[in-house]
Amino acid sequence: MSFSNLPITDTSLPQVQSVPFKSIHPNYLKVLRITWLITFGIILAGLIVLFVFVTKLQTTWFISIGIGLFLIVTTLTVVSGTRSFKRKKYAVRERDILYSTGWLFQNTHMVPFNRMQHCVVNSGPIERKFGLASVSLYTAASEGKDITIHGLRQEEAEQLKDLIMQQIQPLQLHENI
Amino acid sequence: MKTFDQPQRQSAFAVFMMFFHIFRVVVGQVWPAAIGLFFGKKENIGMKFLIIGGGLVVFILIKTLLDYWFMKFSIHQGQLLVRKGLFTKKTVTIPLERIQAVHLEQSLLHTLTRTYKVLIDTAGTDEEELKIYAIAAEDATALRYILLNAMHRSVDGGSDKQTIPATNYQLISKLNIVGLLKLSLSANHLETMGIIAAFVIGKYEDIKPLINKIPLLKQLQSYSDTMQFTWTVITSLVIISLLITMVISIVRTFLRFYDYTVRKDEKGFHIRWGLVQIKQKIIPFNKIQMLSWRSNFIRRLIGLGLLSLKVAGQKEEKVKLRLELPITSPEQVATIIQTYQSSLPAQEDNQGYQIHHSYIFQRAFFITLPFLLVLTTGAYFVWNWNALLILLWWPLSMLKNWWYWNNFRFWIADTGVQRYASTFGKNEILLNWNNIQYVQLRQSLFQKKKGLATLFLHTAGGRFELPFIQYEQGLAISNYALYKTESTQQNWM
């Protein structure tokens, strides 16, 4: 039996560049920044309320620790998130999907179509505002997180989902996956 | 043979078992707090305690009766249907071919009432494990055969047979009393001591009032406050704790492995064990995703080990369904491996590959050293400069890492991948390429600088890890793993 696993060309997957690994949409960085702003804004507000109302915490020690921890966590999240964003790339081949992500720990996931159980397109309110969505790939693997490709354009995510479903279904006809 | 086409309830005896189960869960959660409440207050709390306790028992009883009455199961059009709930009706539908394993358990009470507890394990994340607390022995056997037939049909390709499979059992291992004693004595007593210590510390605050009420414990506590902790006292305490731990450890091993018998037929493994509660499990060969076998230092010396069957959908936290088979000879390992994979990669290529020596330093500097520094800083407030003694562990851990690196080997073959790791004990893992779900190649910044990576091969029964290999080698193995996974339509389950 001959075996091939060539990259799928532009014509097969519309509006996807011909390079094997494709970067995610630049607007996803804006989505991340807005998410961080909201999350850390809420945490900051909570901390302020805590320090205003709990008199026992109103010492230089506690306030310094609180501010210090907040700044460390915020900086780490923003720096690692921004660096990680630059490394988020994906490629679709005839028989699998490759997804590269991470900064401190750089991961490349390789997921064969014949092991995928299903896939889901997600789109949160901030992502929707920027016309973005993410695609989660589900396998039967018992450990490790499910793989989610963030920062795809809405239509691109739908196309990717359709492509994955097309790839999974013929395989499922042949075997009980 | 019964077909279960009509919805049916569990055996009436199940009410008792369900009540006992719920009661045990509730009491297990609240007993330390209840003791604290009962002994902690001066005023007469007995009546309140009785009312709360009584109310709790009545609540559990009503819940049990409702759960029992509204739970019905049946088999219809190749699906196992379970209906439950009074207010919120819930129907769980499990396609029979998705069932991973069927386990029968028989406690002393089950034996007296001629019933079995049936556990049905599924792989999917949507369906939950189905537990039938008690059904008549003949019904349990019939249900198991129907489910097993369906499971085998999904593998065989659909021959519609409803007959009981011919049973041609081959005995693989049977743990006799000598083996059981060896297994008990060689158990990891330090681990048991850690579990007991964690439990006592965790519950100490709750049961503190009890200590104050019981004269002997109170006396012991006051004695401990005034006692000088000399080395002799500390050593004696450690020895006493170790002896208690050993007794508990031996009892645990006896309960877990008593009369452990592994047989196989043409479809799967039949496992049976139990002292007070007899348990039976059937694991079809095709459900096994990965194999591992391990021994601690003492077991390694006396040729004992535990072989773990990593089954699809089995969560690590399901301790009850943990499939660790006691092994008393290398032949038993070989017989079990034969059913998973025709040959061992290590036998085909004796040399194998080593991981990179950076593993030793990465662990020493980035994991052990920060941990020890934090521990030493904390200990400084109690032991002053003596806390620096903790740092002596660092060179020892480095030596341990070196030993691990020196012994670590992995082998790649046409059939699969195998790894061997050892410091004091040993651990071997075998993975067939066909069982891979997806591949993950990870590089930390440190690894990237050195051109290294860690490879994870994910399966439905856990993941296989090759740490600190050359990045290029990682890519080559990934490509080969993908080729082996994608070039066949062979079913992984």
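Residues numbered from 1 in each chain as written. Chains lettered and ligands numbered in written order. Predicted model: local features only at pLDDT ≥ 70, side-chain atom pairs only at ≥ 80, totals over all residues. Heavy atoms only, no water.

## Some remarks on the overall build of chain B
Secondary structure assignment for chain B yields 15 helices and 19 strands. Within chain B, the proportion of its 493 residues that are buried is 45%. Long-range contacts, defined here as pairs at least 24 residues apart, represent 59% of the contacts in chain B between residues at least 6 apart. Summed over all atoms, the accessible surface of chain B reaches about 26,100 Å², with 63% contributed by carbon and sulfur. (Helix = DSSP H or I, 4+ residues; strand = E, 2+ residues; numbered from the N terminus. Buried < 20%, exposed > 50% of the residue type's maximum accessible area, 1.4 Å probe, protein only. Contact = heavy atoms within 4.5 Å. Areas by Shrake-Rupley, 256 points an atom, 1.4 Å probe, with all protein chains shown as cover.)

## A look at the packing of helix 1 (residues 27–53) of chain A against helix 2 (residues 60–87) of chain A
When two helices pack together, you describe them by how their axes are tilted relative to each other and by the distance separating the axes. Residues and elements named next belong to chain A. Packing of helix 1 against helix 2 leaves a shortest axis separation of 11 Å and a crossing angle of 170 degrees. In terms of axis orientation, helix 1 runs roughly antiparallel to helix 2. Packed against helix 1, whose contacting residues are Tyr 28, Leu 29, Leu 32, Trp 36, Phe 40, Ile 43, Leu 44, Leu 47 and Phe 51, the element helix 2 presents Phe 62, Ile 63, Gly 66, Phe 70, Val 73, Thr 74, Thr 77, Val 78, Gly 81, Thr 82 and Phe 85 at the interface. Residues that form the contact of helix 1 with helix 2 fall into these classes: 15 nonpolar, 5 polar and no charged. (Axes fitted to C-alpha atoms, helices over the stretch in contact; angles between N-to-C directions. Parallel < 35°, antiparallel > 145°, perpendicular 65-115°, else oblique. Nonpolar A, V, L, I, M, F, W, Y, C, P; charged D, E, K, R; others polar.)

## A word on the nonpolar core
Phe 269, Ile 271, Leu 291, Leu 307, Leu 309, Leu 457 and Leu 466 of chain B are the most contacted members of the largest nonpolar core, which totals 61 residues. When residues are assigned to domains, this core turns out to be shared by domain 2 (178–257) and domain 3 (261–355 + 408–487) of chain B, each giving three or more. Residues contacting Leu 466 of chain B, with those up to four places away along its chain left out, are Phe 408, Phe 410, Val 417, Arg 419, Ala 453, Thr 454, Leu 455 and Ile 477 of chain B. Within the second largest apolar cluster, 31 residues are counted, among which are Val 31, Leu 32 and Leu 137 of chain A together with Tyr 438 of chain B. (Core = buried A, V, L, I, M, F, W, Y, C linked by side-chain atoms within 4.5 Å. Domains from an automatic or database assignment.)

## A word on helix 13 (residues 393–407) of chain B
Under the 1.5 Å per step criterion, the end-to-end length of helix 13 of chain B is 21 Å for 15 residues, consistent within 8% with the ideal 21 Å. Taken together, the buried positions of helix 13 of chain B are occupied by Trp 394, Ser 397, Asn 401, Tyr 404, Trp 405 and Asn 407 of chain B. (Expected span 1.5 Å × (residues − 1).)

## As for the sheet that holds strand 1 (residues 72–76) of chain B
Residue and element names in this part refer to chain B. Taking strand neighbours across the sheet as the criterion, the 3 strands line up as 1-2-3 in an open arrangement whose pairing is antiparallel. Edge positions in the sheet fall to strand 1 and strand 3 (90–95), since each of these pairs with one other strand and no more. Between one strand axis and the next, the sheet turns through 20 degrees on average, direction left out of account. Pairing of strand 1 with strand 2 (residues 79–84) involves 5 bridges; the strand directions are antiparallel. For Ser 74, the partnering residue across the bridge sits in strand 2 and is Leu 81. (Pairing = 2+ DSSP bridges.)

## Concerning the sheet that holds strand 13 (residues 324–327) of chain B
Adjacent strands of a sheet form backbone hydrogen bonds with each other and so pair up, either parallel or antiparallel. Residue and element names in this part refer to chain B. Strand order across the open sheet formed by 6 strands is 13-12-11-16-15-14, with antiparallel pairing between neighbours. A strand with exactly one partner marks an edge of an open sheet, and here the two such strands are strand 13 and strand 14 (409–412). Ignoring strand direction, the axes of neighbouring strands in this sheet form an average angle of 15 degrees. In this structure, strand 11 (residues 288–295) lies alongside strand 12 (residues 305–311), joined through 6 bridges in antiparallel fashion. Bridged to Ile 288 within strand 12 is Val 311. In this fold helix 13 packs onto strand 14 and strand 15 (416–422), with an angle of close to 150 degrees to the strand it touches most, strand 15.

## Topic: the side chain of Thr 139 of chain A
Relative to the elements of secondary structure, Thr 139 of chain A occurs in strand 6 (residues 132–139). Of note is the side chain of Thr 139 of chain A, whose polar atom sits 3.2 Å from the backbone nitrogen of Ala 141 of chain A. Each residue touching Thr 139 of chain A, except ones within four places of it in the same chain, is listed here: Val 111, Arg 115, Met 116 and Gln 117 of chain A together with Gln 437 and Tyr 438 of chain B. (Polar contact = N/O pair within 3.5 Å; in protein donor to acceptor, adjacent residues only side chain to side chain.)

## What to know about the domain arrangement of chain B
Residues and elements named next belong to chain B. The assigned domain composition of chain B is domain 1 (14–165), domain 2 (178–257), domain 3 (261–355 + 408–487) and domain 4 (358–403). Counting from both sides, the interface comprises 9 residues of domain 2 and, opposite them, 12 residues of domain 3. Of the roughly 1,000 Å² buried between domain 2 and domain 3, counting both surfaces, carbon and sulfur atoms make up 62%. Remark: the boundary between domain 2 and domain 3 carries 1 salt bridge. Across the contact surface, domain 2 and domain 3 share 5 residue pairs in polar contact (both at pLDDT 80 or more). When contributions to the side of domain 2 that touches domain 3 are tallied by element, the ones reaching two or more residues are helix 5 (177–185) and helix 8 (231–257). Broken down by element, the side of domain 2 that touches domain 3 gets its largest block of residues, 4 residues, from helix 8. Along the lines of polarity and charge, the residues of the side of domain 2 that touches domain 3 split into 5 nonpolar, 2 polar and 2 charged. (Buried area = accessible area lost by both parts, 1.4 Å probe. Salt bridge = Lys/Arg side-chain N within 4 Å of Asp/Glu carboxyl O.)

## Thoughts on helix 10 (residues 330–340) of chain B
Helical geometry: 3.6 residues make up each α-helical turn, so side chains three or four residues apart lie on a common side. Residue and element names in this part refer to chain B. The set of residues buried in helix 10 consists of Gln 332, Val 333, Ile 336, Ile 337 and Tyr 340. The arc that holds every buried residue of helix 10, seen down its axis, measures 130 degrees, which confines them to one face. Facing away from the buried side of helix 10 by more than 90 degrees, the exposed set consists of Glu 331 and Gln 338. The secondary structure elements touched by the buried residues of helix 10 are strand 7 (170–174), strand 9 (268–273), strand 11, strand 12, strand 13 and strand 16 (426–432). (Arc of directions from axis to C-beta.)

## Observations regarding the interface of chain A and chain B
Each partner contributes residues to the interface: chain A has 33 residues there, and chain B has 31 residues. When the two sides are added together, the surface that chain A and chain B hide from each other amounts to roughly 2,900 Å², 49% of it contributed by carbon and sulfur. Joining chain A to chain B, the criterion identifies 0 salt bridges. Listing elements by their share of the side of chain A that touches chain B, those giving two or more residues are strand 4 (105–112) and helix 4 (154–174) of chain A. Of the residues forming the side of chain A that touches chain B, the biggest block, 8 residues, is contributed by strand 4 of chain A. Looking at chain direction, strand 4 of chain A and strand 17 (residues 436–444) of chain B are connected through 6 bridges and run antiparallel. Of the residues in strand 17 of chain B, the one forming a bridge with Met 110 of chain A is Val 439 of chain B.

## Thoughts on the environment of Phe 113 of chain A
All names here are of chain A. Counting through the fold element by element, Phe 113 comes out in the loop between strand 4 and strand 5 (116–122). A residue is classified by how much of its surface remains accessible, and Phe 113, at 1% relative accessible area, is buried. It is 8.6 Å that separates the C-alpha atoms of Phe 113 and Glu 94, two residues lying 19 residues apart in sequence.

## Observations concerning the pairing of strand 15 of chain B
All names here are of chain B. Taken across its 7 residues, strand 15 has 7 buried, putting it largely inside the fold. Burial of the side chains of strand 15 extends over both faces: Gly 416, Gln 418, Tyr 420 and Ser 422 are buried on one face and Val 417, Arg 419 and Ala 421 on the other. With 4 bridges joining them, strand 14 and strand 15 adopt antiparallel strand pairing. Bridge pairing in strand 15 places Arg 409 opposite Tyr 420. Remark: 3 residues form the turn of the hairpin made by strand 14 and strand 15, two consecutive strands paired antiparallel. In this structure, the hairpin formed by strand 15 and strand 16 is closed by a connection of 3 residues.

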